[in-house]
Amino acid sequence: MRITMIGTGYVGLVTGTCFAEVGNDVLCLDVDAKKIATLNAGGVPIHEPGLAEMIKRNVEAGRLAFTTDVDRAVAHGTLQFIAVGTPPDEDGAADMQYVLAAAREIGNRMDEWKVIVDKSTVPVGTADRVRATIADALKARGVHVPFAVVSNPEFLKEGAAVEDFMRPDRIVVGADDERAVQAMRAIYAPFQRNRERLIVMDVRSAELTKYAANAMLATRISFMNELANLAETLGADIELVRQGIGSDPRIGWHFLYPGVGYGGSCFPKDVKALQRTAEQHGRPLALLEAVETVNERQKSVMVDKIVQRLGGDLGGRRIALWGLAFKPDTDDMREAPSRVIVDALASRGATLAVYDPVAMTEARRIYGTPPHIVYADSPMAALDNADALVVVTEWKAFRSPDFARIRAALREPLVFDGRNLYDPAMVRDAGLEYHGIGRK
């Protein structure tokens, strides 16, 4: 099937490439000429395991192409996926200008039946606005062209997006047009051969499902962080508590890991957007307000522990930081806890020696080369003459380090484990002082 993907950001690029992988003819459109030039030259603007190889394979096979030509893109696909950004406005609401601009471009050019698919994370009611925008454009042209609007929210995890798309837990489709539903079933059939994963519902329910899923996961994270802080005060061990509650099948194990808070492009933005939608309709969500407050506070927990141990004036101190991305297997530093920690420690006079397996280029783009940040070439290089190690991102490369080497490299034997990666007893046996989240 011929598919147009409008937007080559994280969602659009992964979605378009995976559709091409199963035989579809996919054309990806973006107004960013530099990004399209990079893709056409064989580059990939984001880090996602397995994506670069898949793009190369499908471009060479002629199933995947990239363009800035809007006329070509609208003419190409029977299915027009809108996968553009919806950044938060100042009040937290999702900024819909790019979604509606894409809809307007489709309406200005389409001359045959199309299915317009909202793939971006959008507030409830967006499909109605997209439908109205296209209808207005067609009316202005004086033409009548039938079309359908579908909501098809994405549930991709950064760092595992290709795997998530190729082997989905569920595929949510919100539609009120049977022909459009059949088209969606057809393009998703290769991804659900062993069992039915496609859930059809009304459009507004589909739009709310995406926000509800991310808000639920964010709530679990903030709950565990609150509980971890209480456990530490009470002399309990949150890791043992986690095992005790996670073994209950009604609760389960996922998203029960305390740490330095969540970040990234989805949870912070979507929690705010859902709150804003609720407020606009007179149904404020007190729970999500608490979730957000807890998360922002949690990003400073490790800073508080460092200040308590080393003092408020960190002038002359060198702190090693392992992990800059908001989670492993990505270079995304949007809303990352590392940024709060770096800024807070630097404001107190510390020099930060930072290392991340993937996000160093992104860190340089964000920070430049200020005197208080040293970009290390390896985890151990970051430790040289440092007064403490702070672990911020749970990369696999950090999970089983040589604690004897860490002890030898540090000027002071201090480890601040922001992801509870290590057994406190093992760290202490190596002569290191351990500070975790909610640990004894």
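Residues numbered from 1 in each chain as written. Predicted model: local features only at pLDDT ≥ 70, side-chain atom pairs only at ≥ 80, totals over all residues. Heavy atoms only, no water.

*Asks:* Before we move on, can you summarise the packing of aromatic side chains with the specific residues and values?
*Replies:* This model, assessed by the stated rule, comprises 12 aromatic pairs. Between the aromatic rings of Tyr-355 and Phe-398, the centroid separation amounts to 6.3 Å while the plane-to-plane angle is 65 degrees, which identifies the pairing as edge-to-face. In this pair, Tyr-355 sits in strand β10 (residues 351–355) while Phe-398 sits in the loop between β12 (388–391) and α17 (403–409), placing the two residues 43 residues apart along the sequence. Exposure class is identical for Tyr-355 and Phe-398. Each is buried. What links up through ring pairs into an aromatic cluster is the set Phe-19, Phe-81, Phe-165, Tyr-188 and Phe-191. Lying across the ring of Phe-155, Arg-170 places its NZ or CZ 3.8 Å from the centre. If you follow Arg-364 out to its NZ or CZ, it ends over the ring of Tyr-375, 4.5 Å from the centre. (Phe/Tyr/Trp six-rings, centres within 6.5 Å; stacked < 30°, edge-to-face > 60°. Helix = DSSP H or I, 4+ residues; strand = E, 2+ residues; numbered from the N terminus. Buried < 20%, exposed > 50% of the residue type's maximum accessible area, 1.4 Å probe, protein only. Lys NZ or Arg CZ within 6 Å of the ring centre and 35° of its normal.)

*Asks:* Explain the side chain of Asp-270 to me, and be specific about the residues and the numbers.
*Replies:* Here Asp-270 is to be found in helix α11 (residues 267–280). Engagement of the side chain of Asp-270 in a polar contact is seen with the side chain of Asn-214, the distance being 2.6 Å. Polar side-chain contacts of Asp-270 include one of 3.1 Å to the side chain of Lys-269. With sequence-adjacent residues up to four places away left out, Asp-270 is seen in contact with Thr-121, Lys-210, Tyr-211 and Asn-214. (Polar contact = N/O pair within 3.5 Å; in protein donor to acceptor, adjacent residues only side chain to side chain. Contact = heavy atoms within 4.5 Å.)

*Asks:* Requested: an account of the side chain of Gln-298, with residues and values cited.
*Replies:* Examined against the element boundaries, Gln-298 turns out to sit in helix α12 (residues 286–298). Reaching out from Gln-298, the side chain makes a polar contact with the side chain of Asn-229 at a distance of 2.9 Å. Once residues within four sequence positions are removed from consideration, Gln-298 is found in contact with Asn-225, Asn-229, Gly-259, Val-260, Gly-261 and Ile-437.

*Asks:* Which residues make up helix α5 (residues 97–109), and what values do they have?
*Replies:* Here α5 contains 13 residues, and its C-alpha end-to-end distance of 19 Å stays within 8% of the 18 Å for a straight helix at 1.5 Å per residue. Within α5 the residues assigned to the buried category are Val-99, Leu-100, Ala-102, Ala-103, Ile-106 and Gly-107. Angularly, the buried residues of α5 cover 155 degrees about the axis, an arc narrow enough to put them on a single face. Against the buried residues of α5 lie β1 (2–6), α4 (70–76), β4 (79–82), β5 (114–118) and α6 (126–141). (Expected span 1.5 Å × (residues − 1). Arc of directions from axis to C-beta.)

*Asks:* Please provide a residue-by-residue account of the sheet that holds strand β14 (residues 433–435), values included.
*Replies:* Read from one edge of the open sheet, 6 strands run β11-β10-β9-β12-β13-β14, paired in parallel fashion. The open sheet has two free edges, formed respectively by β11 (373–375) and β14, since each of these has just one partner strand. Between one strand axis and the next, the sheet turns through 20 degrees on average, direction left out of account. Relative to strand β13 (residues 414–417), β12 runs parallel, the two sharing 3 bridges. In the sheet register, Leu-389 faces β13, and the bridge partner there is Val-415. (Pairing = 2+ DSSP bridges. Axes fitted to C-alpha atoms, helices over the stretch in contact; angles between N-to-C directions.)

*Asks:* An account of unusual backbone geometry is requested, with residue identities and associated values reported.
*Replies:* The phi dihedral of Asp-329 is positive, around 65 degrees, even though this residue is not glycine. We note that Asn-385 has phi near 60 degrees; this positive angle belongs to a residue other than glycine. Secondary-structure assignment places Asn-385 in the loop between α16 (379–383) and β12.

*Asks:* Describe the packing of helix α1 (residues 10–21) against helix α3 (residues 51–60), listing the residues and the values that go with them.
*Replies:* Relative to each other, α1 and α3 sit at 50 degrees, their axes nearing to 9 Å. Accordingly, the angle class assigned to the pair α1 and α3 is oblique. Both α1 and α3 take part in a crossing whose hand is left-handed. Across the interface between the two elements, Leu-13, Val-14, Thr-17, Cys-18, Ala-20 and Glu-21 from α1 touch Leu-51, Met-54, Ile-55, Arg-57 and Asn-58 from α3. Its residues assigned to classes, the contact of α1 with α3 shows 7 nonpolar, 2 polar and 2 charged. (Parallel < 35°, antiparallel > 145°, perpendicular 65-115°, else oblique. Left-handed = near helix turned anticlockwise from the far one by under 90°. Nonpolar A, V, L, I, M, F, W, Y, C, P; charged D, E, K, R; others polar.)

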